[in-house]
Amino acid sequence: MSILTYIGIQGGSVRRASLEVLSQCRKLAAAQGLAVEAVLIHPQASDFVAQVQRYGAQKVYTVEDPIFEQHLNAPLVGALAAVIEQAQPRVVALASSEAVKDVLGALAARLDAPALADVSSFELTEAGVRARRPVLAAKFIARVEAEGQPVLVSVRAGAYDAEEAPAQAEIEALPFSFDEAKPRPTLREVIGASGGAVDLSEARYVVAAGRGVRDEEGKKLIDELAEVLGAAIGSSRAVVDVGLFPATSQVGQTGKVVSPDLYIAVGISGAIQHAAGMSNSRVIVAINKDADAPIFNYATYGLVGDLYVILPPLIEALREAKG
Amino acid sequence: MKFSVCIKQVPDVAAPIQVRGGELVHDTGRLVLNAYDASAVEAALVLTEAHGGEIDLVLAGPQAGQETLRKALAMGADRATHLIVSEEADLDAATYAVLLARHFDETGHEVILCGKQAQDTDAGLTGAMLAEKLGLPYVTNAVRLEQEGDTLVVTRQGDTGQEVLALTPPCLVTCSNDMNDPRIPTLKGIMQAKRKPLDAREADLPGAPRTRVLGYENLPEREPGRVLDGDPADIARQLANLLHSEAKVV
Ligand SMILES: Cc1cc2nc3c(=O)[nH]c(=O)nc-3n(C[C@H](O)[C@H](O)[C@H](O)COP(=O)(O)OP(=O)(O)OC[C@H]3O[C@@H](n4cnc5c(N)ncnc54)[C@H](O)[C@@H]3O)c2cc1C
Ligand SMILES: Nc1ncnc2c1ncn2[C@@H]1O[C@H](COP(=O)(O)O)[C@@H](O)[C@H]1O
């Protein structure tokens, strides 16, 4: 009996969120006397095995096929379903991402398995899984339960810490076959994001811009602040709407969930749908000229004032502090 | 093209909602059309206005759901089906997907649109579950939807960028609210909606859901923060110090 973790690969490396989930699965498995296994699905899946071993997987399934170069839901559902049927795990845990959200429902239906999406914590029970998940734009926590085998669980980024625990893993390469005749979407084009240098969902520091950032000058200040900190750039829906920031940078209920050590919200009012994506950050700084803005309810440190006036000396002071 | 839009009625997150004894207590008078589904209805309206076609709605939910169906009819959809389930039934995405799949098996379907997620559960499961049950190709998290002859061209928001995909009906697409701004029904629309066909019938439940909510809790409170007000250069320097020596993040 095992717990199986799907290891996502993004931009040529293993997603940290997947290692967080793998670390948690290792602990749950140890407590229950289960094996912890991982699956890699990628054109060069074997290149990532060593990294997965470092985080304690006892067995690693690999599925290699050129089709996995780009994200496509139909082959990914097929590959995952095949691995799960082979491994017969009690639980399949996946770090949540747009790619995982794209396939989780179809996978659950294909395997006739219950699914819990975007949990913030989970544990095993006799009959399945018990978990906590933020609901209603992360205003509340629902305690939920799923009964069955396997149970599919997707886990929010930042829910657990990634901790190394090297293990000698057995490796099993599984063949991939795919019914080419079945109708499926055809990929025409991939439009890459022109976001910051650091990936948002993995970042320790995030500088996020809202409607208060209204022009290229403001954007330049955000870029500079992010650069000083080595931060990724996030945004509210308002500035994505007007095309000032790319959609991949949107944080919130529709956008990404982040939980960095430091989140600096600049000119963001703090609507509940935005907070849904960032309220779990460790230290939150809010810079807003309206002292009554709801973002201050989340802020560890709140600065009341005009961002165009506050950011230049802040960038300067941080540059000095970093020396 | 013929569009079938799956819509859900959800509590208004802007209304007061409380947890009492592990249950969510909200004003039952403030149930609304799921925002993501409103975007799906809007997308269907834009395409049928440009290329012709029709729009069916389907909603599974308690009696009160009828109001939400009328609202989407008032936006401009043509007809609606209400699969009535009892108020007490605590149903999960998998159960709704079964009800919807049975409905479409009966009525047939061309393009099915769903929301990317329901605002209350934030699950985002039903669309792809339904697609799999009906054996349909699907795209989730669409931020743009276009029609080229009998092909749908969908731009989806992925993790690091956007993917442009083409698919031909029958198919299913789940819509992000980043796709459009749903129209507000006009008075004329509201009047017309009263006369549009709405077929309501009791849904036959497929057995106990395998996922369920045990109870609700409030979020743990964040420690109250500190507000710095005053000379901009001053508070900027204070913040840099605090981040360094107190919060120890930089
Ligand atoms: C279903 C749904 C899902 C949504 N999902 C998301 C999501 O994922 N992410 C998201 O962000 N939003 C989302 N939204 C939208 C959300 O409700 C808000 O509309 C949005 O977050 C507002 O963005 P904002 O704070 O940048 O803009 P505003 O609310 O307009 O706030 C701008 C703020 O900037 C301040 N400001 C202005 N000028 C300055 C200045 N010079 N210096 C300092 N401060 C200044 C103002 O005081 C104000 O507080 C969603 C909405 C819905 C209905
Ligand atoms: N009870 C329902 N009736 C009709 N459509 C639904 C229902 N529940 C979910 N859906 C559709 O599935 C989408 C995703 O819901 P969920 O999986 O609950 O996040 C919604 O945006 C709707 O389009």
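Everything here concerns the structure above.
Just so you know, these numbers come straight off a predicted model, no measurement behind them. (Residues numbered from 1 in each chain as written. Chains lettered and ligands numbered in written order. Predicted model: local features only at pLDDT ≥ 70, side-chain atom pairs only at ≥ 80, totals over all residues. Heavy atoms only, no water.)

Novice: Just give me the short version of the overall build of chain A, but keep the residues and values in it.
Specialist: Looking only at helices and strands, chain A has 8 helices and 18 strands in total. Against the compact-globule benchmark of 20 Å for 323 residues, chain A has a radius of gyration of 21 Å, which places it among compact chains. Summarising its shape, the C-alpha atoms of chain A cover approximately 60 × 45 × 40 Å along the three principal directions. Evaluated residue by residue, chain A yields a buried proportion of 60% over its 323 residues. Across chain A, the fraction of contacts at a sequence separation of at least 24, relative to all contacts at a separation of at least 6, is 63%. Accessible area of chain A: about 12300 Å², with a carbon and sulfur share of 45%. For chain A, the distance from the average position of its 29 positive side-chain charges to the average position of its 38 negative side-chain charges is 4 Å. (Helix = DSSP H or I, 4+ residues; strand = E, 2+ residues; numbered from the N terminus. Rg over C-alpha atoms; globule rule 2.2 N^0.38 Å. Buried < 20%, exposed > 50% of the residue type's maximum accessible area, 1.4 Å probe, protein only. Contact = heavy atoms within 4.5 Å. Areas by Shrake-Rupley, 256 points an atom, 1.4 Å probe, with all protein chains shown as cover. Lys, Arg positive; Asp, Glu negative; His and termini not counted. Charge placed at Lys NZ, Arg CZ, Asp CG, Glu CD.)

Novice: Let's hear about the interface of chain B and chain A: which residues, and what values?
Specialist: A common measure of how large an interface is: the accessible area buried when the components associate. Opposite the 76 residues of chain B that make contact, chain A presents 83 residues. Summed over both partners, the interface of chain B with chain A comes to about 6900 Å²; 54% of that surface belongs to carbon and sulfur atoms. Between chain B and chain A we count 8 salt bridges in total. For R132(A), the salt bridge goes to E217(B), with nearest N and O atoms at 2.5 Å. (Buried area = accessible area lost by both parts, 1.4 Å probe. Salt bridge = Lys/Arg side-chain N within 4 Å of Asp/Glu carboxyl O.)

Novice: Report on the sheet that holds strand 5 (residues 59-63) of chain A, specifying residues and quantitative values.
Specialist: Residues and elements named next belong to chain A. Spatially, 7-11-6-1-4-5-12 is the arrangement adopted by the 7 strands of the open sheet, whose pairing is parallel. Looking along the sheet, the strands with just one partner apiece sit at the ends: strand 7 (115-119) and strand 12 (170-173). Ignoring strand direction, the axes of neighbouring strands in this sheet form an average angle of 20 degrees. Summarising the sheet, strand 7 and strand 11 (residues 151-155) pair through 3 bridges and their orientation is parallel. Looking across to strand 11, one finds that A115 is bridged to L152. Packed on one face of the sheet, helix 1 (residues 16-32) meets strand 1 (2-7), strand 4 (35-41), strand 6 (91-95) and strand 11 and runs near 175 degrees to strand 1. Packed on one face of the sheet, helix 4 (residues 98-111) meets strand 1, strand 6, strand 7 and strand 11 and runs near 170 degrees to strand 11. (Pairing = 2+ DSSP bridges. Axes fitted to C-alpha atoms, helices over the stretch in contact; angles between N-to-C directions.)

Novice: Just give me the short version of the site of ligand 2, but keep the residues and values in it.
Specialist: All names here are of chain B. Not every one of the 20 residues close to ligand 2 is listed here, only the nearest: C6, D37, A60, G124 and T126. One of the backbone nitrogen or oxygen atoms of A60 is found 2.7 Å away from a nitrogen atom of ligand 2. Contact between ligand 2 and A118: an oxygen atom at 2.7 Å from a main-chain N or O atom of the residue. Broken down by class, the residue content of the shell around ligand 2 amounts to 12 nonpolar, 6 polar and 2 charged. (Near = heavy atom within 4 Å. Polar contact = N/O pair within 3.5 Å; in protein donor to acceptor, adjacent residues only side chain to side chain. Nonpolar A, V, L, I, M, F, W, Y, C, P; charged D, E, K, R; others polar.)

Novice: I'd like a rundown of the pairing of strand 6 of chain A, residues and numbers included.
Specialist: All names here are of chain A. Counting buried positions over the 5 residues of strand 6 gives 5, a clear majority of the element. Here strand 1 pairs with strand 6 via 4 bridges, running parallel. Its bridge partner lying in strand 6, I3 is registered against V91. When strand 6 meets strand 11, the two strands line up parallel, connected through 5 bridges. Within strand 11, the position partnered with V91 by the bridge is V151.

Novice: Can you explain the side chain of H71(A)? Please cite residues and give values.
Specialist: With respect to the helices, strands and loops of the structure, H71(A) is situated in the loop between strand 5 and helix 3 (73-87). Given the relative accessible area of 19%, H71(A) is considered buried. At a separation of 2.6 Å, a polar atom in the side chain of H71(A) contacts the side chain of D102(A). Apart from the residues lying within four places of it in its own chain, the contact partners of H71(A) are L76(A), A99(A), D102(A), V103(A), R156(B) and E163(B).

Novice: Please give an account of the site of ligand 1 that cites residues and values.
Specialist: With respect to spatial proximity, 30 residues lie near ligand 1, and among them R211(A), S236(A), V251(A), S269(A) and N288(A) are the closest. Of the chains in the model, those with residues near ligand 1 are chains A and B. At a separation of 2.7 Å, a nitrogen atom of ligand 1 approaches a polar backbone atom of V251(A). Between D306(A) and ligand 1, the recorded distance is 2.9 Å, taken from a side-chain N or O atom to a nitrogen atom. Protein contact buries 83% of the 980 Å² of open area that ligand 1 shows by itself. At the level of elements, helix 6 (237-241), helix 7 (272-275) and helix 8 (307-322) of chain A together with helix 1 (35-51) of chain B are the ones that each hand at least two residues to the shell around ligand 1. The residue makeup of the shell around ligand 1, split by class, is 8 nonpolar, 16 polar and 6 charged.

Novice: Could you give an account of the nonpolar core, naming the residues involved and the relevant values?
Specialist: One finds L152(A), L57(B), L113(B) and L130(B) to be the most contacted residues of the largest nonpolar core, which totals 95 residues. Setting aside residues no more than four positions away along its own chain, L57(B) makes contact with V5(B), V41(B), L69(B), A72(B), L73(B), A77(B), R79(B), A80(B) and T81(B). (Core = buried A, V, L, I, M, F, W, Y, C linked by side-chain atoms within 4.5 Å.)

Novice: Mind laying out the packing of aromatic side chains, listing which residues take part and the relevant values?
Specialist: Residue and element names in this part refer to chain A. Summed over all chains, the structure comprises 3 aromatic pairs over all chains. Relative to Y160, the ring of F122 lies with its centre 6.2 Å away and its plane at 80 degrees, an arrangement referred to as edge-to-face. A residue pair is termed long-range when its members are at least 10 positions apart, and F122 in strand 8 (residues 121-124) and Y160 in the loop between strand 11 and strand 12 qualify at 38 residues. Taken as a pair, F122 and Y160 share a single burial class, namely buried. Judged by centre distance (5.9 Å) and plane angle (20 degrees), the ring pair of F176 and F178 falls under stacked. Given the relative accessible area of 17%, F176 is considered buried. (Phe/Tyr/Trp six-rings, centres within 6.5 Å; stacked < 30°, edge-to-face > 60°.)

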